[in-house]
Structure formats: C-alpha cells, structure tokens
Amino acid sequence: MKNQRTTINDQYLRELHFDGSQIILHTDGILCGSTAEVVGSRAFQAVLNIFLDHLLEKDDPILDALSPGIGTAEGRADLYKLLRHLSETPLEHAAKAVPGAKPYVENPRPLYMFMEMFYDFWRSFDRDQRNNSKKGPRSHDIRPYRTFTVTTERLKDLTRGLYRDICENITGDHCRIYRQVSAGADVGLIAVQKKWHSRNPSVQALKGIPFIRQVLINPPLIIDPPENRRTGQFLRIDSNPLEKISLEEGKWVCYPAQVGPVVVFIYFHQMFMGLGCSLANLFELATDEQVEAGPDAIFLYGVDPGHLSRHGGLPTVFHDDEENGLLVGAIPGENRFGYFGYLKKMALTLHNILMMKRGRMPFHGAMAVIHMKNRKSANVLIIGDTATGKSETLEALRLLGRDTVRGTTIVADDMGSLGIREDGRVIGYGTEIGAFIRLDDLQRGYAFGQVDRAIIMSPQKANARVLVPVGSLGEVLAGYPVDYILYANNYEQVDENHSLINRLPTPESALRVFREGAAMAKGTTTATGLGHSYFANIFGPPQYRDLHEDLARKTFEAAYGTGTFVGQLRTRLAVPGFEMDGPREAAAALLQKIMEEFPG
C-alpha cells in the first residue's frame, strides 16, 4: 500500500502526508509531548491503518495469528484500543479492557511480532519533517536548535520510547540490547517566508513559497528514490516556464542554493522532498542577504507535467530571459525524474550558462589542490564525462600518497569554471561543497569512512550513490592557478603507444580531444557504448556553443602560454577488470609526475 497518497490533519500536526515511499510531517512547531499523545493521535491511527492495509494486500502470514476480525472496522478499532492500553499497562491488564484480546495473554508472541513489523514498516518510509515558521521574535529560525529539539528530536525519542513500552508490556520483560535506530524524522527543516527582489513579473507565482533556512539530517540517511539514472539533456526553450504556472504553496518549498558564485532558488514539490533536502550535502544554503537580493536563476523541480507537456516527451527545460536577466529551469513532477542527478545537473547547467555570460569557461570535472610533504602543492583539474574516473583518481591519489602527500583540498568534484588572471594564468573555481559518487567505483572502505555524514541513495540498485560533504564554500570560491588540465580517458587500454599520461602538444590538439569528449558509458545514465559529448559537458556549452568556443580557445591558449600541463589521463574505468586498478594506476602515474615537476 506504499503507492497510495493520503493526507490527514492532526491536533499535533498541521498535516501528515503519505506519498509513495515517503511520509512528510508538517508542523507549526508543536508536536506530541508524551508517548500517550503519540499513540492517541490521528497520525498514529493513520499509519496503523495503512500498515494493516499493507498486510491484507499481501496476505501476510501474521494475519493468521491475529484476531480474525482484523480486517473489519470494529476489529481495527479493538486493535488500536489494545495498543493504547499497552502503551501504559502490561498485557494481562490491557486485555481485560478490550474485547477478544484474552488469547494474546496465553500466546503473546503474535502480538509482539506484529508490533515489531509495525515499527519496521514505519521506519521503512523516507520520513521528512517540515517546520513551518512565521516571521517575528518567535520565528523558528531565530533559535533553530531549540525548534529541532522540541520537534524532530522529541519525535524520534517518543516514537522509539512508545515502541519499547508496548513491546515490554507485551512480553513482560525488559529489553537487554538497545539499538538507537532512527525512528522519527530522517530530515527536519525550518521553512520561513522571506521577501526577495526580482524585476521579472513572472516570479509573482513564487512569492508565497517559504525558504528553507535550516536543515537537520540524521546520517547515515538512506533513501530509495523512484529512479537511479538520468537520461537526456536539458532543452533550451523560448517560453518562460513560470508563465501561467500555478503552484500549491503548502506543497512547495525553496532551497536557495549557493552554486559556486551564483544563487539559484531551487523550488521543489513535496513528492521530491527527500531528494530536495539532500541538497544540503551538496550546496551551501544562501544567506538571508542573498535571499533578499534575489536569485541569479530559478529552478522548479516537480512541476505539473501538463504544464510542460508541449515541450516533448522529455520536458527537462530551461529558458533564458535575457531582457530581465534571469534563467529559469523546470522539470516535471513524475517518478521518472525522481533521481538526484536531475536536481543536481539542472542547477549546474544554470551555473554554467551564467559563468559563460560572465566570461568564464565552465568545466565538467574534478579539481583538487595536492599538498605535498615537501611544502609544495600542485593544482590538478581532471575533465571528463560522468563515470570516467575523475573523482576516483583523485581519491586514489590521496590514498597512494600517504608518504608524500600531506592532504588534498577539493575545489570541484563535478563542475566548475576557468577564468584567466591578469598575468595570464588559468584559475579554477568550483561549485559544490559535496560529492555525489558512485559506490561501485569507490576505493574499498571509502563509503564506510564517510558514513557518519553520508546520504546513501538506492544502495541495493545499480548506480548506487553516496552524497557526502567534501569541502567548504571558501575553498570552492577561492580560485587556484591550474597546474594540470587532464582529459579523463576511461575507455583506452594502456600500451606502448598509449601511456597513462600523455601531453597534448598544442592548443589545437587539446581543443580537438576535449571538443570530441569521448567516453564509454558506465550505466550512470541511459546511454550505452562509446559516446561523444562536446567538451564532455552537455550542461550548457552545447546550447551556447559559439560563446563557449571563444572562451575555450582563450582558456587553452592562456594555459599553454603560461606553462600549464595539458594532456590525457587514461583511467580505464570502463575497461573490464580495471574498474579499481585503472584509477589507481592513473593516480600513481600522476603522483610520480607531480613529484618530478615539484621536487623538494
């Protein structure tokens, strides 16, 4: 029954919304204060009824051991009454107050197993809590920790406490092993109304939607969105998606993201609540001053599909309102777009377009500062398509360089931009404070080392991902002279004619390799085989090719003119049998080159 959509109102909640595999709790800041209030709430009854529907639909064997009237309204009412009594009194006393409950006294195990299954069912949902706040001295964002303590943290403790109280009253025995599993909301957020500026009249449809100002995450957070791959690219359209749009204010919220140096107002529908809240591990929240000043771009994730249907079968679109200086992206609210890659890549596409308009060349790649023990450092940028071994090589370099490397500073994990300094040096900037990494391609143990901060997506599926913070906004925006610009070649084997690293002799030869953008697909999108994408970056450059060509030529000529090493790095990530060894050997060759060129 997880596919049903249900909304209820409750005295302790403004709204409890079931939507597929997620539960969204809306509150104005007041939740249950005791386990008695939890079990006495309409919210508890709603979850219980959905669980019973689930058991009946699958004809679960546990039904054979429960009261035969469990499928009737009267039988459900009796079960609910019994659980309320069990929250406060032992089974032998509770059974006296509920008709038909005496058999449970003689054989309490079925009731105990039912309670365990009920608890697991509740915890199987992605559970998100939205604290809606009004402006003023009592606004939740004034003292956010207090708000989270009396809502998200309290709900977790009360839910776990209620489960333990009922189980102990059924068995007559105390638990001897306590597992502090997450039992309340996985994610809590504080949403506040804010005034903001824009000269574009179409934004009036967004003015009533609150902004996320604080986010609480209980990691490791495991979510299972509807999809685990992205397909296609983003289409530039002539009409503004905001025109004639209608948004239900209570079902939308805005995450104002600092995407590198630009601010993108990312509005998402509550059907994508878990994915939207996951942005907290990828992009820093904009400040109040940035929100008030208004966005550089707007992105709507979860729009009514009918509103975008005229744009074809894959209406993942953006509009460039050059007259008013505003970019607007939009993706429909359909399960086929329920993958974090859509959310991330549209935000980065808008960033890339803005960077080109500001004179920087965007790149699809990973950049890090390698700090060596000889007190020198090398700034390495690896450009390449999705799953070509960019991040994997830099992580392998960090592990291999224990004796020679003091540490690494991540500047960009996936996207960034290149500018040219007055002295001609090419400078690299990033966009994200986090990394969205394939679990399959990580060095062994990496995910476990980061699990205390991680958001893990679809771990049971192909293309499972982990989303972890890796850096600070200050490092992302600082700007570092680039010493190495390398194209990540994931498909060619290494032999006497193809070295792990080879220098490209001229700007023209480099532009040819990067422009061709060859890569072997690894299953992160629906593409297969050896493909080609313009500069390995379908997120903006192809849609503004003339502008990008001019920026790319200037950038590569500046790199060659100031001695930057420009070449190819063969990671072999897509070569069977080299998924781990390929990036590791590429990292070893890169580390050796760095040590030769930056000796102590």
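Residues numbered from 1 in each chain as written. Predicted model: local features only at pLDDT ≥ 70, side-chain atom pairs only at ≥ 80, totals over all residues. Heavy atoms only, no water.

Quick look at the overall build of the chain now. Secondary structure assignment for the chain yields 18 helices and 28 strands. By the compact-globule yardstick of 25 Å for 600 residues, the chain fits well, its C-alpha radius of gyration being 27 Å. Seen through its C-alpha atoms, the chain measures out along the principal axes to roughly 90 × 55 × 45 Å. When the 600 residues of the chain are sorted by exposure, 58% land in the buried category. Counted over contacts in the chain with a minimum sequence separation of 6, partners at least 24 positions apart contribute 75%. For the chain, the exposed surface amounts to about 24,500 Å²; the carbon and sulfur share of it is 49%. Computing the positive centroid from 67 side-chain charges and the negative centroid from 71, the chain places the two 3 Å apart. (Helix = DSSP H or I, 4+ residues; strand = E, 2+ residues; numbered from the N terminus. Rg over C-alpha atoms; globule rule 2.2 N^0.38 Å. Buried < 20%, exposed > 50% of the residue type's maximum accessible area, 1.4 Å probe, protein only. Contact = heavy atoms within 4.5 Å. Areas by Shrake-Rupley, 256 points an atom, 1.4 Å probe, with all protein chains shown as cover. Lys, Arg positive; Asp, Glu negative; His and termini not counted. Charge placed at Lys NZ, Arg CZ, Asp CG, Glu CD.)

What follows concerns the packing of aromatic side chains. Scanning all chains against the criterion turns up 26 aromatic pairs. Measuring from centroid to centroid gives 6.2 Å for phenylalanine 44 and tyrosine 80, while their planes differ by 40°, and the two rings are tilted. Taken together, the positions of phenylalanine 44 in helix α2 (residues 42–58) and tyrosine 80 in helix α4 (residues 73–86) put the pair 36 residues apart, joining distant regions of the chain. Across the pair, tyrosine 80 and phenylalanine 44 agree in class, each one buried. (Phe/Tyr/Trp six-rings, centres within 6.5 Å; stacked < 30°, edge-to-face > 60°.)

Time to look at the sheet that holds strand β20 (residues 434–438). Read across the sheet, 4 strands follow the order β7-β21-β22-β20 without closing on themselves; strand pairing throughout is mixed. Each end of this open sheet is capped by a strand with a single partner; those strands are β7 (221–223) and β20. The sheet shows a mean angle of 20° between the axes of neighbouring strands, direction not considered. Looking at chain direction, β7 and strand β21 (residues 455–457) are connected through 3 bridges and run parallel. What sits directly across from isoleucine 222, in β21, is isoleucine 456. (Pairing = 2+ DSSP bridges. Axes fitted to C-alpha atoms, helices over the stretch in contact; angles between N-to-C directions.)

The residue aspartate 483 is located in the loop between β23 (480–481) and β24 (484–489) in this model. Side-chain polar atoms of aspartate 483 contact the backbone nitrogen of asparagine 379, separated by 2.8 Å. There is a polar contact of 3.3 Å between the side chain of aspartate 483 and the side chain of arginine 425. The residues contacting aspartate 483, other than those within four sequence positions of it, are Ser377, Ala378, Asn379, Arg425, Thr564, Phe565 and Phe598. (Polar contact = N/O pair within 3.5 Å; in protein donor to acceptor, adjacent residues only side chain to side chain.)

Moving on, we come to α2. Taking 1.5 Å of rise per residue, the 17 residues of α2 would be expected to cover 24 Å, and the 25 Å separating its terminal C-alpha atoms lies within 8% of that figure. Turning to α2, its buried residues are Ala43, Phe44, Ala46, Val47, Leu48, Ile50, Phe51, Leu52 and Leu55. Looking at the residues trailing α2, positive phi occurs at aspartate 59, about 50°. (Expected span 1.5 Å × (residues − 1).)

Take the nonpolar core next. Grouped together as the largest cluster of nonpolar side chains are 80 residues, with contacts concentrated most on Phe283, Phe299, Tyr301, Phe340 and Phe514. Setting aside residues up to four positions removed in sequence, phenylalanine 340 forms contacts with Leu275, Ser278, Leu279, Leu282, Phe436, Met457 and Leu467. Ranked by size, the runner-up nonpolar core spans 48 residues in total, among them Phe18, Val39, Leu66 and Tyr119. (Core = buried A, V, L, I, M, F, W, Y, C linked by side-chain atoms within 4.5 Å.)

Burial within strand β13 (residues 317–321) is extensive, with 5 of its 5 residues counted as buried. What you see with β13 is no split at all: Val317, His319 and Asp321 on one side and Phe318 and Asp320 on the other are buried throughout. Pairing of strand β8 (residues 235–237) with β13 involves 3 bridges; the strand directions are parallel. In the strand pairing of β13, arginine 236 is matched with phenylalanine 318. Hairpin connection between β13 and strand β14 (residues 326–332): a loop of 4 residues separates the two successive antiparallel strands, and glycine 325 in this loop has a positive phi of roughly 65°.

Structurally, serine 239 can be placed in the loop between β8 and β9 (252–259). Judged by its relative accessible area of 22%, serine 239 is partly exposed. Leave out the neighbours within four places in its chain, and serine 239 touches Arg310, His311 and His319. Reaching out from serine 239, the side chain makes a polar contact with the side chain of arginine 310 at a distance of 3.5 Å.

Our focus in this paragraph is the environment of leucine 221. Locating leucine 221 in the fold gives a position in strand β7. Taking relative accessible area as the criterion, leucine 221 reaches 4% and is therefore assigned buried. Excluding anything up to four places from it in sequence, leucine 221 contacts Asp186, Val187, Ala454, Ile455 and Ile456.

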